[in-house]
Every structure is written in structure tokens, then in C-alpha cells.
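# Structural description and commentary
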Number of protein chains: 2
Amino acid sequence: MRIGIVGYGNIGRGVESAVTAAPDMELAAVFTRRDPASVSTATGVPVLAFDAIAEMKDDIDVLIICGGSATDLPWMTPQLAGMCNVIDSFDTHARIPEHYANVDAAAKASGKIGIISCGWDPGYFSLARIYADAALPDGDSYTFWGRGVSQGHSDAIRRIDGVADARQYTVPVQEAVDKVRNNEHPVFTTREMHLRECYVVAEDGADRDAIEQAIKTMPNYFDEYDTTVTFVTQEELNRDHSGLPHGGSVIRSGCTGNDKEFNNTIEFKLDLDSNPFFTGSILTAAARAAYRMNAEGQSGARAMFDIPPAYLSTHDRDELLAHML
Amino acid sequence: MRIGIVGYGNIGRGVESAVTAAPDMELAAVFTRRDPASVSTATGVPVLAFDAIAEMKDDIDVLIICGGSATDLPWMTPQLAGMCNVIDSFDTHARIPEHYANVDAAAKASGKIGIISCGWDPGYFSLARIYADAALPDGDSYTFWGRGVSQGHSDAIRRIDGVADARQYTVPVQEAVDKVRNNEHPVFTTREMHLRECYVVAEDGADRDAIEQAIKTMPNYFDEYDTTVTFVTQEELNRDHSGLPHGGSVIRSGCTGNDKEFNNTIEFKLDLDSNPFFTGSILTAAARAAYRMNAEGQSGARAMFDIPPAYLSTHDRDELLAHML
């Protein structure tokens with residue numbers, strides 16, 4: 001299986017690591033919209049211009065597209081699905097149906113497979129929600145994120161006047177998690193589920209009180225949360241907050257059928273040292289599935305809930321039956 | 001979707017509850033090898049003799065077979081797969097490949113689908129192992145069971161001279177779970193992972209020390225575990241230990257690719273008030289998948305890792321894309 005990576009940011013690096021370790025894959029090239037000469041990869045795999053994809057499409061079995069959901073993936077995934085099997089991690093939940101339809105049209109026309117929204121949320125967390133709902137149809141599902149770095153929130157803080165650098169952690173409220181686990185079926189406000197912890201480097205002479213107020217009152221990002229702001233030096237930020245850990249839980253509690261006597265909880269929990277490397281690893285497993293589905297003659301868009309789990313695995317059927325079932 | 005239940009024990013009752021609550025299913029009949037007149041169902045659904053299945057096969061879309069893995073399912077699932085789509089919860093791990101082959105041959109001949117080993121282990125725990133392995137290929141997976149009632153171990157205690165009744169709980173060792181969650185990649189002995197708690201009703205005048213010794217030294221069942229034995233009255237056993245709770249965790253910790261820097265853990269955890277009702281609910285969701293796969297023209301044996309998750313769900317594609325992905 002020859003894999004191409006489109007876009008070489010943090011997720012692209014994660015895919016490179018996962019593809020290199022996969023026994024059934026070969027990394028063919030990284031494609032970039034930057035000057036290819038300016039990009040150097042961890043493995044030394046060739047870096048080519050984005051426009052070279054069209055010429056190389058017959059030498060690539062699956063393209064893993066590591067672009068941003070806001071402006072890259074909406075046009076890039078459909079365009080590339082017109083040439084190759086593709087995978088993306090599109091995560092703008094509200095626009096998923098539209099993105100799916102666009103990828104579906106392009107992939108059906110080319111006879112290829114396009115799997116969208118692979119990663120952990122959307123992705124493995126979506127699967128956890130669907131499996132839990134199927135087993136406990138009469139119940140409530142909750143998704144907690146963190147403790148982990150939100151890059152969008154960190155970026156929002158950096159845009160405030162007087163801020164030199166910042167890192168924001170999303171933190172689930174432990175009491176909220178406990179209530180869900182205890183089958184209390186709580187109804188939460190936004191504030192009751194997650195906290196936001198901010199580590200901020202102020203520019204020399206900046207007004208720290210003003211920065212703190214600007215963060216805590218920022219609409220959508222922080223105003224509905226209990227937010228803490230801690231000022232640190234750039235050295236402290238680099239030393240203590242340079243990683244991109246993340247994780248969280250999908251928890252569903254409920255009943256199995258028409259019998260209300262029995263409470264059950266299902267929890268799927270992730271604790272990740274590197275959010276982008278984990279996302280890259282799931283994208284890589286999904287690439288395996290895309291290759292297999294297309295080899296069977298399937299085409300069109302797919303989501304992770306369309307993939308038989310065995311298609312993600314490096315283990316063959318006999319091994320799955322004998323050792324993993 | 002017209003569902004038939006074969007066998008009306010605890011799991012059969014769980015399936016009855018789940019099918020009755022499902023918006024897309026109708027419970028057609030319960031089939032039993034006992035005298036049908038001696039079986040009364042919770043919902044009043046008709047109870048028919050096992051041999052009536054052959055006559056009714058065209059009125060049933062999926063048969064959910066709720067028999068025992070030791071002596072029932074090895075012949076029953078292949079025989080019934082020769083007439084109908086079937087689901088079972090075959091859980092003798094060592095004999096799964098052989099059972100799969102037998103069901104596959106019968107289901108291919110009849111043009112039906114037979115999904116084996118549905119439940120939570122094998123079943124949802126198997127899926128957790130496969131998904132976790134696909135995302136963290138360089139790691140170690142651990143399965144902890146409990147705290148929950150093991151019916152096999154409870155039965156083994158009841159066969160000891162002087163024992164009137166008994167209930168055995170399998171309990172994971174918390175320190176072991178913590179070590180796995182902390183990415184320590186431990187190598188455990190059997191004793192280090194699980195404890196066994198036994199609640200025993202002794203017959204009048206029975207030698208309690210002898211009973212305790214017989215339990216703790218019983219080969220395979222207890223000799224490799226730290227086991228506690230507590231004598232209780234029949235009233236106490238009935239009052240405090242009449243349920244069939246169970247649960248457990250599949251935990252995998254490891255790395256995503258060729259980069260050894262990042263540790264990650266994935267945990268899938270169940271906490272169930274009723275083991276048989278939860279198993280019955282998963283069997284019911286699998287019946288939905290069997291019906292859909294067969295309606296597409298598929299036939300033969302399948303395991304849960306062959307089922308696209310969406311096929312288990314009552315929600316349609318648009319709803320899954322818009323709200324659950």
C-alpha cells in the first residue's frame with residue numbers, strides 16, 4: 001500500500017510516524033503547498049509540490065489529507081477524491097453532511113473511496129457513541145474532553161493585545177464525570193462539564209489584569225466556562241507546556257430494553273501524550289480500510305461507522321478469530 | 001424485522017426485553033426444547049417447540065440463539081443457519097475458529113447470515129481490542145473482568161459436598177489496573193490480575209473448614225487466585241447476592257508509530273447491573289446487522305469485527321452523520 005501525505009504539520013508528522021511503522025505500507029511522498037525545498041521530513045521521504053499529485057496519482061494507493069477543517073479540507077478532499085482514495089480528519093461537526101455529500105459525488109465519479117472525519121472526535125469517539133447507543137438504547141451519552149491542549153483556544157488567547165504566547169487546557173469537571181458514571185443522568189450547563197486553564201506569557205509592560213479580563217469574557221471561547229489564567233515566562237511555557245496531550249471520555253448510562261430495573265454504564269476513555277500523533281495513527285488505519293474497500297470495488301464517501309473494524313487491522317481474519325475475538 | 005428467540009433462560013429474557021423496546025423489531029416467538037406449556041414469557045409472546053422452527057422459518061427474519069456454548073451452540077447454530085439468519089453468543093474462545101467454519105458452511109449453503117460470538121466478551125471487548133490495536137500498534141492490551149458474578153465458578157462451588165448455595169464474584173486487582181493505566185506495561189501472573197470472592201451457604205452440620213479448603217484449592221477455578229470465602233445464610237445470599245452484575249475493562253497502552261516518545265492509553269469499560277440483559281441487548285443489535293447484511297445479498301458466517309457499526313444502529317445515515325459522528 002503506497003501512501004501519500006498531503007500537508008506536513010503536526011498531524012502529517014503523526015501519519016509519517018504511523019505509516020513508517022506499518023508492516024503493510026510504504027510512504028511514497030509528502031505533498032505540500034509550501035516550497036517543497038523548505039520542508040524537511042523526519043524520515044527523509046521526498047517532498048513534492050501539491051500540484052504533483054495529479055501526475056503521481058497512479059503511484060499512490062491512498063492519500064491522507066492533513067489539512068485544516070476551516071479552509072483546506074472543504075475543497076481539498078473532494079478535489080483529491082477525484083483522483084485517489086482519500087482520508088481526512090474533517091472536524092467541523094455542523095458541516096459534516098455537506099462535506100460528506102461533496103466527497104461522495106467526487107469519489108463516485110472517480111471510482112475511489114473517500115473516508116471523512118477520521119480521528120478521535122470525530123472518529124473513535126463517534127464509534128463509542130454509536131456502539132453505546134446500540135447496546136443501551138434508553139440512556140444518555142456524554143462526551144468529556146481533556147485534560148488536553150486546545151489549539152483553537154490557545155490561538156484565540158495569542159490574538160489578545162499584550163500576549164506573547166499562550167497554552168490553553170480543556171479540563172473535565174471531575175464531579176460531572178462522577179455523576180454520569182453513577183447513573184444520575186444529569187443535565188449540565190456548559191460551565192458544569194469543563195474548566196479552562198490558561199498559561200499566558202505577557203509582553204513586557206502589558207496590562208495583565210486587562211489580559212485576564214479579555215480572556216475570561218471572550219464570547220464562545222471562554223465566557224461560558226470557569227477559566228483560570230496563570231502568567232508564566234516564555235521559558236516556563238516552553239519547559240512545562242510544549243506538548244500536545246489530550247484525551248477524554250464518552251460515557252453512556254442507561255437501560256438495555258423495556259426493563260427499567262437495570263442501570264449500565266459504558267465508558268470509552270483516551271489518555272494521549274500526543275493528540276496529533278494519535279489522530280495520525282487513526283488516519284493511517286483508515287487508509288488501510290479505504291484501500292481494502294476500494295480493492296473490493298466500492299466507491300464513494302464513507303465515515304468510520306461504515307468500516308468493518310477488521311478492515312482497520314493489520315491482523316488477518318484467522319488471527320482475529322483465534323486471538324482477538 | 002421479525003425476531004425469534006431460541007432458548008428462554010436469562011439471556012433469552014434479556015433479548016425479549018431488548019427486542020420489545022426496539023422500534024424496528026417485532027418478537028415473533030420463543031422456541032424451547034422444554035415443554036412449551038411449561039414456559040411463560042414476560043411479554044406473553046407465544047412459546048413454541050424447537051422443532052417448530054423449520055415450519056416457521058419463512059416467518060422469521062433473524063433467530064437469536066440463547067443456548068450454552070458447551071453443548072448447545074456447537075450444533076444448534078450451524079443447524080439453524082441452514083434455515084434462517086442467526087446470531088449467537090458462543091464464548092468458548094479456543095473453539096471459535098471451528099465454530100465459525102461450521103456456521104460459515106451452513107449459512108453459505110442456505111444463503112443466510114450467521115453472526116457468532118456476539119455479546120461483550122467476546123463481542124464489544126473484542127472490538128475494543130481490535131480498535132485499540134489498530135490505533136496503538138506498538139503496545140500491550142489487558143482485559144480485566146469484574147466486579148461481577150461468574151456463573152461457572154458459582155456452579156463449581158455448589159458441586160462441593162456440604163454446599164447448599166453459592167455466588168462467586170470475579171474482582172480485578174486495583175493495583176494491577178492502575179499499573180496498566182500508568183503505561184507500566186506490566187507482566188502479570190493470574191493471581192496478580194483478579195481476586196475471587198465467594199459467598200457460600202453451608203448445609204446444616206457441614207464442615208466449613210473443609211468447604212473453604214476445597215474451594216481455595218480447586219484446580220483451574222481457584223487455585224491460581226487469591227480467594228476469600230464468606231459463609232452466609234440462604235436469606236443473606238438471596239437478599240444481597242441475587243443479581244448478575246458484571247463488567248470490566250479492556251485497556252491498551254502503547255505508541256502510535258515509530259516514535260517511541262509518546263505513551264497513550266485507550267480504555268473501554270463496562271459496569272453492568274445485568275450481564276445477561278446486556279448480552280441480550282448486543283445480540284439484538286447484531287440481529288439488526290444480520291438482517292441488513294442478508295438483505296444486501298450477503299451470506300455466510302460473520303463476527304462482530306465484520307459489521308460496519310452503523311448496521312447495529314436504529315439511527316439512519318443522515319442522523320448518524322449529523323448527530324453522532
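Residues numbered from 1 in each chain as written. Chains lettered and ligands numbered in written order. Predicted model: local features only at pLDDT ≥ 70, side-chain atom pairs only at ≥ 80, totals over all residues. Heavy atoms only, no water.

## Observations regarding the domain arrangement of chain A
When its domains are assigned, chain A resolves into domain 1 (2-120 + 276-323) and domain 2 (139-259). One C-alpha centre belongs to domain 1 of chain A, the other to domain 2 of chain A; they are set 30 Å apart. (Domains from an automatic or database assignment.)

## Concerning the pairing of strand β12 (residues 246-255) of chain B
All names here are of chain B. Counting buried residues in β12 gives 10 out of 10 residues, a clear majority hidden from the surface. Taking every second residue as pointing to the same face, both faces of β12 are buried, with His246, Gly248, Val250, Arg252 and Gly254 on one and Gly247, Ser249, Ile251, Ser253 and Cys255 on the other. Pairing geometry for strand β7 (residues 138-145) and β12, over 8 bridges, is antiparallel. Bridge pairing links Gly139 to Gly254 in β12. (Buried < 20%, exposed > 50% of the residue type's maximum accessible area, 1.4 Å probe, protein only. Helix = DSSP H or I, 4+ residues; strand = E, 2+ residues; numbered from the N terminus. Pairing = 2+ DSSP bridges.)

## Observations concerning the interface of chain A and chain B
At the junction of the two partners, chain A supplies 63 residues and chain B supplies 63 residues. Where chain A abuts chain B, roughly 5600 Å² becomes buried across the two surfaces, and 63% of that area is made up of carbon and sulfur atoms. In terms of surface lost to chain B, no three residues of chain A exceed A:Tyr131, A:Phe305 and A:Leu325, which account for 15% of the buried area on that side. The interface formed by chain A and chain B holds 2 salt bridges in total. The salt bridge involving B:Asp306 is made with A:Arg317; its shortest N-O contact spans 2.7 Å. Inspection of the chain A/chain B interface yields 31 residue pairs in polar contact (both at pLDDT 80 or more). (Contact = heavy atoms within 4.5 Å. Buried area = accessible area lost by both parts, 1.4 Å probe. Salt bridge = Lys/Arg side-chain N within 4 Å of Asp/Glu carboxyl O. Polar contact = N/O pair within 3.5 Å; in protein donor to acceptor, adjacent residues only side chain to side chain.)

## Quick word on the environment of A:Val229
Residue and element names in this part refer to chain A. On the secondary structure map, Val229 appears in strand β11 (residues 226-231). Along the sequence, Val229 and Lys216 sit 13 residues apart, while their C-alpha atoms lie 8.3 Å from each other. In contact with Val229, other than residues within four places in its own chain, are Cys198, Val200, Glu212, Ile215 and Lys216.

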